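Listed here are the chains, written in short residue letters.
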Amino acid sequence: MSMVQDATPSSVDPEANAADAATRPGRSAFRRIMTVTIGPIVAAFILSAVILLLVGVNPLTYYGYILERSLFSGLGLEQTATRMAPLLFLVASLIVAFRAGIWNLGTDGQFLLGAVCSAATAPLLVGVVPGWAVLLIGFAVAAAVGAVWSIIPALLKAYQGVNEIITTLMMSFLGVLMASTLVKLVFLDPSTTVPQTRTLPVADRLPRLFDTSISSGLIWGLIAVMAVHLMMTRTAFGLRLRMVGANPTAATHAGLSVPLLTMATFTISAGFAGLSGASEILGVAGNVRADWNPAYGLMVIPLVFLARFHGVGAIVLVFFYSALMIGSESAARRLGVPQDFTLVLVASLLICLGLGEYIDHRKSRKER
Amino acid sequence: MSGLLTEAFLSSLLTGAIVAAIPMLLAGLGEQMSEKAGVLNIGIEGMMLMGAYLGFFVAYETSSLWMGFLGGMLGGALVAVVMAVLCVWLGLNQIVIGIGLTLGAEGLTALLHHFQFSRTYPRLPAPERLDIPGLTDLPVIGPSLFGRHLIVYLAVLAVIVLAALYRRTNLGMTLRAAGERPAALDVAGGNVLGIRVVAVLFTGAMAGLGGAYLANIGAGLFIPFMTGGAGFIGIVLAMLARGRPLWVLIGALIFGAALSLTTALQVAGSNIPTDVIQMLPFAAVMLVLVLFGRRAKLPSALAASYERGAR
């Protein structure tokens, strides 16, 4: 069971879980889903509602505004779909890392540096190379920069055994500050007074889908998550990574090069985090302003856990999560609740999710 | 450069180092006890922030710094109660819950601050100082080392008390057993979960106190997200100290000095952007980890929850 008992993230095995549920007599799969998915989500919203009540805000109005804005208005729905793109790339990043037993908690730094470097390169290439090449190079630069930012934690983990939780967190703090420094000192747009990078013209950004304002980054994000999911579950390489995650000692005895596979995990995971940054810049924002930091990284972690590292599950959750973000931005303005409330909601979600796993774990043990 | 090495500059450098070091020291000492007992407390950043918020709020309402420190310890311990229940008693994943608690405390304190003070940031009056007669009048080191608030000396005293506790008492032994071989402790009649709960609550109180120091004495006000990774640096200090409180103190002073040097340089007139200055403590941590990371010694049962009779 994922949240219960184990220190490595990879100890969740969705296939085993599914098999468990199928062969276990007595309790239906429906009740199990209630305990580990829907129950915790409802509980988290109730818990957060209590906090809203305490600060004197009607939770029903607040949640109502979220729904109204993010799902029941055309523009809101398009914004929700657009916001999914960077989150999906981050999900891809975390699925690789967590399934391989690596706690990459540094996605925020990798994301921002990827974003800044693609924002620094892409506008300069407009007119020099064809439009598709501008975007391709922008994405490639971001992936490379993200991966480079994970090299120190990767080497320390692979060859020195230094706990990656701390090193990736530290590199994340460094990366966020480094990104801001780069914008202010190096990649400054000379034609504006505000510290920001050059802007990629709207016409050169990722094309929009059909007649909507939805960025096609959404499609690439979906492809990334599915590709990662298939790589981890259906290929020999993915199996090797999962072996390293499940039991590094056993993997060594099986003849796998654990250090090299660890390096590969970091590179892929951090690369996707970089791509996430690029998708936001090349698809939506067009430039990076100094001190911009959406801090999606840590917030995506609960989703990936909730989906049990499963690509399809994560995509569904990203949709709801994205709706929550867009909706709460509007609800915050209308009710005067700061955006930070989303953090409370995410934290309650993590805690309720953990409790759900615990209850499920206890029940399934009783039945054995 | 000659202008830099004045008495005032050195004095402010030393003062800055101590003010910056104390929160990291308290957090590091707290984390050390959790880690000894086998709990990796990633939620410490959240405990610190809650301590900073509640510590400031109480000090602001009661106009008493000591009540503020008490409030800070209470705030940190409140977050720690959640951690103890979920991660020690129920055995949930310490890292996931730790991240959750940090995010939750960030959101909650920002929310509460917003509804109490809106966009204003009221300040506390400057703290009273404990002047040690004679010593405080020394040049350079006098005012910075011996003119501090009493809490600074208590924090240093805590280093000595904890070192004695770990080395000389049964409790210290029990803590270590809970982190190294929980099953053995259980067989010997010790209470693994009990000692871990105590350790986590102690961590919360220490981190909360560190946060309250940061808000009430370091800054004199509360700003949302003000801990900015100090708790995480506390974790690194505990990792590198290999179980010895004195090393946490040494580490905290080194990081404090790194932090204060850059601030002092900026005050002295060099125009390094603040982002670069804020990078220094984290860069220092990475440098130390690259150089000495291999030597970091962590208890073998760290981050693994204990369940009696589990395979």
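Thresholds, definitions, all that
Residues numbered from 1 in each chain as written. Chains lettered and ligands numbered in written order. Predicted model: local features only at pLDDT ≥ 70, side-chain atom pairs only at ≥ 80, totals over all residues. Heavy atoms only, no water. Contact = heavy atoms within 4.5 Å. Buried area = accessible area lost by both parts, 1.4 Å probe. Salt bridge = Lys/Arg side-chain N within 4 Å of Asp/Glu carboxyl O. Polar contact = N/O pair within 3.5 Å; in protein donor to acceptor, adjacent residues only side chain to side chain. Nonpolar A, V, L, I, M, F, W, Y, C, P; charged D, E, K, R; others polar. Phe/Tyr/Trp six-rings, centres within 6.5 Å; stacked < 30°, edge-to-face > 60°. Helix = DSSP H or I, 4+ residues; strand = E, 2+ residues; numbered from the N terminus. Buried < 20%, exposed > 50% of the residue type's maximum accessible area, 1.4 Å probe, protein only. Expected span 1.5 Å × (residues − 1).

(A) Highlighting the interface of chain B and chain A. Each partner contributes residues to the interface: chain B has 49 residues there, and chain A has 50 residues. Taken together, the two surfaces of chain B and chain A that pack against each other cover about 4,400 Å², and 77% of this comes from carbon and sulfur. Our enumeration of links across chain B and chain A arrives at zero salt bridges. Scanning the region where chain B abuts chain A turns up one residue pair in polar contact (both at pLDDT 80 or more). The residue makeup of the side of chain B that touches chain A, split by class, is 34 nonpolar, eleven polar and four charged.

(B) Quick look at the packing of aromatic side chains. Residues and elements named next belong to chain A. Counted according to the given criterion, the structure contains 20 aromatic pairs over all chains. Relative to Phe139, the ring of Phe89 has its centre 6.3 Å away and its plane inclined at 40°; by these criteria the two rings are tilted. Here Phe89, found in helix α4 (residues 74-99), pairs with Phe139, found in helix α6 (residues 131-149); they are 50 residues apart in sequence, far enough to count as distant. In this structure, Phe89 and Phe139 share a single accessibility class: buried. Ring pairs connect the aromatic residues Phe45, Tyr62, Tyr63 and Phe341, which therefore count as one cluster.

(C) Examining the pattern of salt bridges more closely. Residues and elements named next belong to chain A. Using the criterion set out here, one finds five salt bridges over all chains in the structure. Of the charged contacts, one joins Arg83 and Glu329 as a salt bridge, the two residues approaching to 3.2 Å between their closest N and O atoms. Placement of Arg83 in helix α4 and of Glu329 in helix α14 (residues 311-335) is noted, with a sequence separation of 246 residues between them. Judged by its relative accessible area of 15%, Arg83 is buried.

(D) Molecular detail of unusual backbone geometry. The backbone phi angle of Asp291 of chain A is positive, close to 70°, even though this residue is not glycine. Mapped onto the fold, Asp291 of chain A is located in the loop between α12 (258-285) and α13 (297-306). Of the residues examined, Asp291 of chain A reaches a relative accessible area of 56% and is grouped as exposed. Located in the positive-phi region is Arg242 of chain B, a residue other than glycine, with phi close to 50°. Structurally, Arg242 of chain B is set in the loop between α10 (230-240) and α11 (245-267).

(E) Structural detail: α14 of chain A. Compared with an ideal rise of 1.5 Å per residue, which puts 25 residues at 36 Å, α14 of chain A spans 35 Å between its outermost C-alpha atoms and is within 8% of the ideal. Positive backbone phi, approximately 70°, marks Gly336 of chain A, located one or two places after α14 of chain A.

These figures capture arrangement, not role.
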